[in-house]
Protein chains: 2
Amino acid sequence: MTNATQSKTELSELGEFGLIRRLTENIQLKNESTIRGVGDDCAVLDFKQKKVVVTTDLLTEGVHFNLMYVPLRHLGYKAVTVNLSDVYAMNATPKQITVSIAVSSKMSIEALDELYEGIYLACERYGVDLVGGDTTSSLTGLLISVTAIGEAEEEDLVYRNGAKDTDLLCVTGDLGGAYLGLQLLERENAVFKVNPKMVPQLEGYDYILERQLKPEARKDIPVLFKELGIKPTAMIDISDGLSSEILHLCTQSDVGCRLYEDRLLYDNQTKKMAAELNINPLVAALNGGEDYELLFTLPISNLDAIRNNPDISVIGYITDKSEGVNLITAGMGQAIPLQAQGWNPIKG
Amino acid sequence: MTNATQSKTELSELGEFGLIRRLTENIQLKNESTIRGVGDDCAVLDFKQKKVVVTTDLLTEGVHFNLMYVPLRHLGYKAVTVNLSDVYAMNATPKQITVSIAVSSKMSIEALDELYEGIYLACERYGVDLVGGDTTSSLTGLLISVTAIGEAEEEDLVYRNGAKDTDLLCVTGDLGGAYLGLQLLERENAVFKVNPKMVPQLEGYDYILERQLKPEARKDIPVLFKELGIKPTAMIDISDGLSSEILHLCTQSDVGCRLYEDRLLYDNQTKKMAAELNINPLVAALNGGEDYELLFTLPISNLDAIRNNPDISVIGYITDKSEGVNLITAGMGQAIPLQAQGWNPIKG
């Protein structure tokens, strides 16, 4: 367990402008579309004839993360990748981010340096420029707001609303891992609170911990589509859980679908932790969220292009709207209507 | 004094997706550059050959606003205009915003509706489209993060770093009002806390209250420059106080300047409240902040174009860097080096 607010140098020693300078002085802009980054009233960008995509996410302490067990470096990294995931879900390429933070005066400068190390690592790995932001104080916890900006040729853009009857329903990677990683962290944190001398039992679960703490966005998938010469009819990223995302996609495309329980992939660690905690991995996949995989639909004529691809599973197909949005159970083949979960403000 | 968290309908009755739908269902996109707004993984924008400018600001309860005396409608309006001010400071035109909010479950849906009324009113008045955002819960107070996106022809953009020796230093409007409006609100709030039956004494101060609670961004100024056929060599908006902004402009332009105390304009209400509170209006102008006027430099050959313009005051001129950044006092004509203030994280 980390101690994120461990005080070393107080923020007040730097002041706002000193803090901004410290956090942004090493930025090296890498994209041609970034004309001017941090340091003026606005960043200046140039996308020429390309279309511009914009998305934003807000992460708040105590709701989206718990600094008792989330290392700040990972948190910075995740705050960026969850936004980039939305850009890839448009079949676009992220190019810039802005990052705003509200921090309590309890947080040391060294702690903020760690947070920004994670942010810059993500910028490096995903080829995006940090071009702006705001730093302010918070009377309580840490809050991070990231906006990501990307570009795409008009003909490459994929929306949520293009799925057609008979299209294949596909997903990248495996599901449920991030949720079970969170359950493991919560369990060990509860043990730690009772007895701080207990060593957390995290061995053998590195994959699901990383899925939760330091998720990657699927930047390989738009590239793969190009290579395969295919383009999804609809796409969305999986942040709230498969169930909720399928419902968004079907509602916006005005279609129904059949999702097959036995086509969903789980990592071995996901299955093992699910068994240990007596959680059905299907529930983790449908309602857990934070997997940051891509859910998309393809014309059935594209089946040969993807059927042996290890990164893509066909998990069902699109139907007429009248048939509803159903999970087809593994054993009995029963059709069960999917329900949205999503965030509920009272739980926060 | 308002009661912003007056509970009517609980947020939990709607859930996240219901809340987003309610807050965004009446959006009518008005800009040609907005291809797709709220409702997909990203908004999609098209600026053709124009340059794109991006800025972002974070407002937190207890630091930037006090819901004891800030009406939510005004707060929503201000959260937008303070961002647009940064776009105008680039001599650009704002076109889109994203708005993310973190709200405590104490806040009612009706309270959020009020906040968004203010946001939409600003969108209407400034011709911008709300194209995205995020809603999440907060364990404590309200937090609003706005990102504004604008466009400009490359040749129209004005940065902070172009001021030249002998340029005129100019400012729009009058200064110090927002700070004195805040002092008035704080005073009346303190009285109210001691005796809730006391009626707040706000009459006769509508102008400075509006400067604080519902500031406007100077969208008329880029238009005026076009009409006059002039373009500033450098520009910045006044959010942290004139002193800090002049220092930014001079540092980034690598110049010095002479600012004349007797050239600064104050509204009568600003002067009256300053006298009542025993505050020097000069201090309010230099260090108070939140005036959201524009500070800019012009070649001295442009003097005739602006000298009789009621919206623009010439307050000094740019010098060689070696002369420093000085305030020239009204009576004695003493040169006093300007000091930055800005935000300090310990103050909260």
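Please read these numbers as outputs of a predicted model, since none were measured by experiment.

Novice: Sorry if this is basic, but what is going on with the packing of aromatic side chains here?
Specialist: Both the distance between ring centres and the angle between the ring planes are used here to describe each pair of aromatic rings. Going through the model one piece at a time under the given rule, you end up with 8 aromatic pairs over all chains. Seen in terms of ring centroids, Y116(B) and Y120(B) are 6.1 Å apart; in terms of plane orientation they differ by 50°. Their pairing is tilted. Taken together, the residues Y116(B) and Y120(B), both in helix α3 (residues 109–126) and 4 residues apart, mark about one turn of the helix. Residue classification places Y120(B) among the partly exposed residues on the basis of a relative accessible area of 26%. A cation over an aromatic ring shows up here: R36(B) above the ring of Y159(A), its NZ or CZ 3.8 Å from the ring centre. Of note, K214(B) hangs over the ring of Y77(B), and the distance from its end group to the ring centre comes to 4.2 Å.

Novice: I keep staring at helix α2 (residues 72–88) of chain A and nothing clicks. Help me out?
Specialist: In an α-helix, one full turn covers 3.6 residues, which means residues spaced three or four apart are oriented alike. Under the 1.5 Å per step criterion, the end-to-end length of α2(A) is 25 Å for 17 residues, consistent within 8% with the ideal 24 Å. Taking burial as the measure, the 17 residues of α2(A) include 15 buried ones, the bulk of the element.

Novice: Is there a simple way to explain the sheet that holds strand β4 (residues 93–103) of chain A in this structure?
Specialist: Ordered by their spatial adjacency, 6 strands build an open sheet running β5(A)-β4(A)-β6(A)-β3(A)-β2(B)-β1(B), and the pairing between neighbours is mixed. Looking at which strands have only one partner, the edges of the open sheet turn out to be β5 (129–137) of chain A together with β1 (34–36) of chain B. Ignoring strand direction, the axes of neighbouring strands in this sheet form an average angle of 20°. Summarising the sheet, strand β3 (residues 51–60) of chain A and strand β2 (residues 43–45) of chain B pair through 3 bridges and their orientation is antiparallel. Paired with V54(A) across the two strands is A43(B), which belongs to β2(B). Each of β4 and β5 of chain A is contacted by helix α1 (residues 15–24) of chain A, which is oriented at about 150° to β5(A), the strand it contacts most.

Novice: What am I meant to see in the pattern of salt bridges here?
Specialist: A side chain of one charge can pair with a side chain of the opposite charge when the charged atoms of the two come close. Residue and element names in this part refer to chain A. All chains considered together, the criterion is met by 40 salt bridges over all chains. Across the salt bridge formed by D113 and R22, the nearest N and O atoms sit 2.4 Å from each other. Of the two residues, D113 is situated in helix α3 (residues 109–126) and R22 in helix α1; the sequence distance between them amounts to 91 residues. Sharing partners across several salt bridges, the network here consists of R211, R218, D220, E293 and D311.

Novice: Explain the side chain of S145(B) to me, please; I cannot follow it from the model alone.
Specialist: Tracing the chain through its elements places S145(B) in strand β6 (residues 143–152). In this structure the side chain of S145(B) is engaged in a polar contact, spanning 2.8 Å, whose partner is the side chain of S145(A). Those residues in contact with S145(B), other than ones at most four positions away along the chain, are S145(A), T56(B), D57(B), L58(B), T98(B), V99(B) and S100(B).

Novice: In this structure, what is going on with the relation of the copies chain B and chain A? I would like to understand it.
Specialist: Both copies of the chain are related through a single rotation about an axis accompanied by a shift along the same axis. Take chain B, turn it by 180°, move it 0.0 Å along the axis, and it overlays chain A with an RMSD of 0.0 Å. The transformation just described matches what one would write down for a two-fold rotation axis. Comparing contact sets, 100% of the residues at the interface of chain B also lie at the interface in chain A, consistent with an isologous, same-surface contact.

Novice: Help me out: how do you make sense of the sheet that holds strand β7 (residues 168–172) of chain A in this one?
Specialist: Strands pair in a sheet through their backbones, by hydrogen bonds, and they do so in one of two ways: parallel or antiparallel. All names here are of chain A. If you walk across this open sheet you meet the 7 strands as β8-β10-β7-β11-β9-β12-β13, and the pairing is mixed. In this open sheet, the two strands that pair with only one neighbour each are β8 (234–237) and β13 (335–337). The mean inter-strand angle of the sheet, taken between neighbouring strand axes irrespective of direction, is 25°. Pairing of β7 with strand β11 (residues 312–319) involves 5 bridges; the strand directions are antiparallel. Within the sheet, the bridge partner assigned to V171 lies in β11 and is S313. In this fold α2 packs onto β8 and β10 (294–298), with an angle of close to 175° to the strand it touches most, β8.

Novice: Please explain unusual backbone geometry as it appears in this structure.
Specialist: With glycine set apart, most residues show a phi of negative sign, and most peptide bonds adopt trans. Residues and elements named next belong to chain A. Backbone geometry places K48, a non-glycine residue, at a positive phi of 50°. By relative accessible area, which is 44% here, K48 ends up partly exposed. In this model, E290 sits at a positive phi of 65°, which is unusual for a non-glycine residue. By secondary structure assignment, the location of E290 is in the loop between α9 (281–288) and β10.

Novice: Honestly, the domain arrangement of chain A in this entry has me stumped. Any pointers?
Specialist: Where interface size is given, it is often the accessible area lost as the parts come together that is meant. All names here are of chain A. Domain boundaries assigned for chain A yield domain 1 (15–156) and domain 2 (168–337). Using C-alpha coordinates to define each centre, domain 1 is positioned 26 Å away from domain 2. At the junction of the two partners, domain 1 supplies 22 residues and domain 2 supplies 23 residues. In total, about 2100 Å² of surface goes out of reach between domain 1 and domain 2, with carbon and sulfur atoms giving 55% of it. Of all residues in domain 1, Y69, K78 and Y88 give up the largest surface area on contact with domain 2, accounting jointly for 30% of the area buried on that side. Residue D156 pairs with K226 through a salt bridge whose shortest N-O separation is 3.1 Å. At the boundary of domain 1 and domain 2, one finds 11 residue pairs in polar contact (both at pLDDT 80 or more). Secondary structure elements with two or more residues in the side of domain 1 that touches domain 2: α2 and α3.

Novice: What is the right way to look at the environment of V70(A) in this model?
Specialist: All names here are of chain A. Positionally, V70 belongs in the loop between β3 and α2. With a relative accessible area of 7%, V70 lands in the buried category. Each C-alpha atom, one on V70 and one on K214, is 9.5 Å from the other, the two residues being 144 residues apart in sequence.

Cut-offs used in this document
- Residues numbered from 1 in each chain as written.
- Chains lettered and ligands numbered in written order.
- Predicted model: local features only at pLDDT ≥ 70, side-chain atom pairs only at ≥ 80, totals over all residues.
- Heavy atoms only, no water.
- Phe/Tyr/Trp six-rings, centres within 6.5 Å; stacked < 30°, edge-to-face > 60°.
- Helix = DSSP H or I, 4+ residues; strand = E, 2+ residues; numbered from the N terminus.
- Buried < 20%, exposed > 50% of the residue type's maximum accessible area, 1.4 Å probe, protein only.
- Lys NZ or Arg CZ within 6 Å of the ring centre and 35° of its normal.
- Expected span 1.5 Å × (residues − 1).
- Pairing = 2+ DSSP bridges.
- Axes fitted to C-alpha atoms, helices over the stretch in contact; angles between N-to-C directions.
- Contact = heavy atoms within 4.5 Å.
- Salt bridge = Lys/Arg side-chain N within 4 Å of Asp/Glu carboxyl O.
- Polar contact = N/O pair within 3.5 Å; in protein donor to acceptor, adjacent residues only side chain to side chain.
- Least-squares fit on C-alpha atoms with pLDDT ≥ 70 in both.
- Domains from an automatic or database assignment.
- Buried area = accessible area lost by both parts, 1.4 Å probe.

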